[in-house]
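Structural characterization, general
If you want the building blocks of each chain, they are given just below.
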Amino acid sequence: MTPATPPETTRSALRIHNARLIDGTGSSPVDDAVVTIDAQGTITYAGPAATEPPAATDSSVRVVDAGGRTVLPGFFDCHVHLAYAQGSPPSRRAELDPVLVTLDTAARLRQTLDAGITTARDLGGLSAGYRTAVETGRTVGPRLHTAVRIISHTGGHADVRMPDGTDLSAGMSEIADSTDAARLAVRRVLRDGADLVKVCATGGMGSPYDDPDDEGLLEEEIRAVVDEAGRHGGKPVAAHAQGNAGILTAIRGGVTSIEHGYGLDDRALDMAGERGVFVVPTLSTVYAGINKDTMPEYHYQKKVRWSGTTKENIARAIEYGARIALGTDAAVGPHGVNLMELSYLVDLGMDPMAAIVAGTRTSAELLGVADRLGTLTAGHTADLVLCDGDPLQDIGVLGDPANIVCVVQDGVVRKDLLNLPAPAPAPAPATDTLPTGRRP
């Protein structure tokens, strides 16, 4: 594989032609399509070449012949843990020098972007400083939304304290055991820069003290979290929720999204549909996240026991028409192959186009950014990927980062396996010539 060129840091006007366009809206693909992007990083046209509006000749526009490849919106991963290596429990991070943690995390950010993920939502363990680092160009990676820490009750899914009280979470956990404590927990994570709040409504696979069917925060505690988050800019609330009882509690409590949803039944699907709650299935944890050699025995046994139930219930959620967004739980599963999640959705019955929409427009709706991201639409921010192959015939092509030959984020070429023409140099600033001896 040809290595990607060094990341660019400046925008330039782009015109991509001879492309097959899948715009993320669910509309039929467009052959012989053109996408144009202005120097501010905004899409000005995306559609058939035959109806492209005339443009002034401008030598600074970089013209890209897609060679018949498919152009799609930049994808989302709505459930990642970028601060942790795959299969490494949070406690292991405390063994590393903080400098190494930072550098390793930055490498995972880059790896995720190169996989075609231009926006990611981190649901535990990632400092808000990484979001700022990406925004300010200190590092390259997906645009980030982060929950910073996870709110759990004592002995719940995110409580990884030792019996003597030593916290092994490496900054991932926030413990709350009452409605007042839940409000305080929300205030603490928001003080630390969280874009959203995450709660544990059930136990989980990776936690040693509980099971997925165990319930987490009480309904009144989740309601307090949702209310407090709402009072502070209407922040969304994501619920780790695997067993059905906790899923129902989370939905009744008013959360924005159900994460995992392995035990979803028809009643829960009905309630989620009525209330507009999103489901983020994280199927990568079932398809690619089970390894007996690297997992504690309790974790492995729970995964095996739940894998069939998960596939059955998520298949039913797909058939039902649940509002599904894409998430992988990367760190539990592998980093850098995020779009394999699309294949798992298709394996359980989702149409390939619907899977693409789940990873683009629907995910943008979950994150509240659909007015500017998630579709290739004039006026939207220019986040896009160019891939080899036809994902509508073989959705698996998107899961191999080698097939993601170009990634554009906010109008900047972040990954380039095509050796695109270099951007034209910026014109020199105009200067006024004043007569000798004259001062402005």
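Scope of this entry: the structure provided in the associated data block. The structure presented is a predicted model; accordingly, all values stated were derived computationally and were not measured.

It is worth spelling out the packing of helix α6 (residues 244-253) against helix α7 (residues 266-275) at this point. Contact pair α6 / α7: the axes reach a minimum separation of 10 Å and the direction vectors enclose 20 degrees. As summarised for this structure, α6 and α7 are arranged roughly parallel, according to the angle between their axes. You can see that α6 and α7 cross each other, and the crossing is left-handed. Contacts between α6 and α7 involve N244, I247, L248, I251 and R252 on the former and, on the latter, R267, A268, M271, A272 and R275. When the residues that make up the contact of α6 with α7 are grouped by side-chain class, the tally is 6 nonpolar, 1 polar and 3 charged.

With that settled, consider unusual backbone geometry. Residue T282 is not a glycine yet carries a positive backbone phi of 45 degrees. For N419, which is not a glycine, the phi torsion comes out positive at approximately 55 degrees. With respect to the helices and strands, N419 occurs in the segment after β17 (412-416).

Right, let's get into a nonpolar patch on the surface. Side chains of L96, V99, L100 and L103 sit close together on the surface and give an oily, nonpolar patch of about 360 Å² of accessible area. By the element assignment, V99 lies in helix α2 (residues 98-114). Accessibility expressed as a relative area gives 51% for V99, which makes it exposed.

What follows is about the packing of aromatic side chains. Here the structure, examined in full by the defined rule, presents 1 aromatic pair. When the ring centre of Y287 is taken as reference, the NZ or CZ atom of K311 above it lies at 4.4 Å.

With that settled, the discussion passes to the pairing of strand β11 (residues 197-200). Side chains V197 and V199 of β11 all project onto a buried face; the interleaved residues K198 and C200 project onto the opposite face, where all are buried too. Both strand β9 (residues 150-152) and β11 contribute to a ladder of 2 bridges, which runs parallel. Residue I150 lies in a different strand from β11, and its bridge partner there is K198. Pairing between β11 and strand β12 (residues 237-241): 4 bridges, direction parallel. Each residue of the ladder has a partner; that of C200, found in β12, is H240. With helix α5 (residues 219-231) bridging β11 and its parallel neighbour β12, the resulting β-α-β unit is right-handed.

It is worth spelling out helix α4 (residues 179-191) at this point. An ideal rise of 1.5 Å per residue puts 18 Å on 13 residues; α4 measures up with 18 Å between its terminal C-alpha atoms. The complete set of buried residues in α4 reads A182, A185, V186, V189 and L190. One side of α4 carries all its buried residues, which in axial view fall inside an arc of 130 degrees. Turned more than 90 degrees from where α4 packs its buried face, D180 and R191 sit exposed. Tucked inside the fold, the buried residues of α4 contact β9, β10 (173-175), β11 and α5. Following α4 by one or two positions, G193 adopts a phi angle in the positive range, close to 100 degrees.

It is worth spelling out the packing of α5 against α6 at this point. Where α5 meets α6, the closest approach of the two axes is 8 Å, and the angle between their N-to-C directions is 40 degrees. Accordingly, the angle class assigned to the pair α5 and α6 is oblique. Here α5 runs over α6; the crossing is right-handed. Between α5 and α6, the residues in contact are E219, I222, R223 and V226 and T249, A250, R252 and G253, respectively.

What follows concerns the environment of K311. Tracing the sequence through the fold places K311 in helix α9 (residues 297-320). It is 9.4 Å that separates the C-alpha atoms of K311 and Y344, two residues lying 33 residues apart in sequence. Excluding residues that lie within four positions of it along the chain, K311 makes contacts with V286, Y287 and L348.

What counts, and at which threshold
- Residues numbered from 1 in each chain as written.
- Predicted model: local features only at pLDDT ≥ 70, side-chain atom pairs only at ≥ 80, totals over all residues.
- Heavy atoms only, no water.
- Axes fitted to C-alpha atoms, helices over the stretch in contact; angles between N-to-C directions.
- Helix = DSSP H or I, 4+ residues; strand = E, 2+ residues; numbered from the N terminus.
- Parallel < 35°, antiparallel > 145°, perpendicular 65-115°, else oblique.
- Left-handed = near helix turned anticlockwise from the far one by under 90°.
- Contact = heavy atoms within 4.5 Å.
- Nonpolar A, V, L, I, M, F, W, Y, C, P; charged D, E, K, R; others polar.
- Patch = residues over 30% accessible without salt bridge, like charges linked within 9 Å, V, L, I, M, F, W, Y side chains within 5 Å.
- Areas by Shrake-Rupley, 256 points an atom, 1.4 Å probe, with all protein chains shown as cover.
- Salt bridge = Lys/Arg side-chain N within 4 Å of Asp/Glu carboxyl O.
- Buried < 20%, exposed > 50% of the residue type's maximum accessible area, 1.4 Å probe, protein only.
- Phe/Tyr/Trp six-rings, centres within 6.5 Å; stacked < 30°, edge-to-face > 60°.
- Lys NZ or Arg CZ within 6 Å of the ring centre and 35° of its normal.
- Pairing = 2+ DSSP bridges.
- Right-handed = clockwise from strand over helix to strand, strands pointing away.
- Expected span 1.5 Å × (residues − 1).
- Arc of directions from axis to C-beta.

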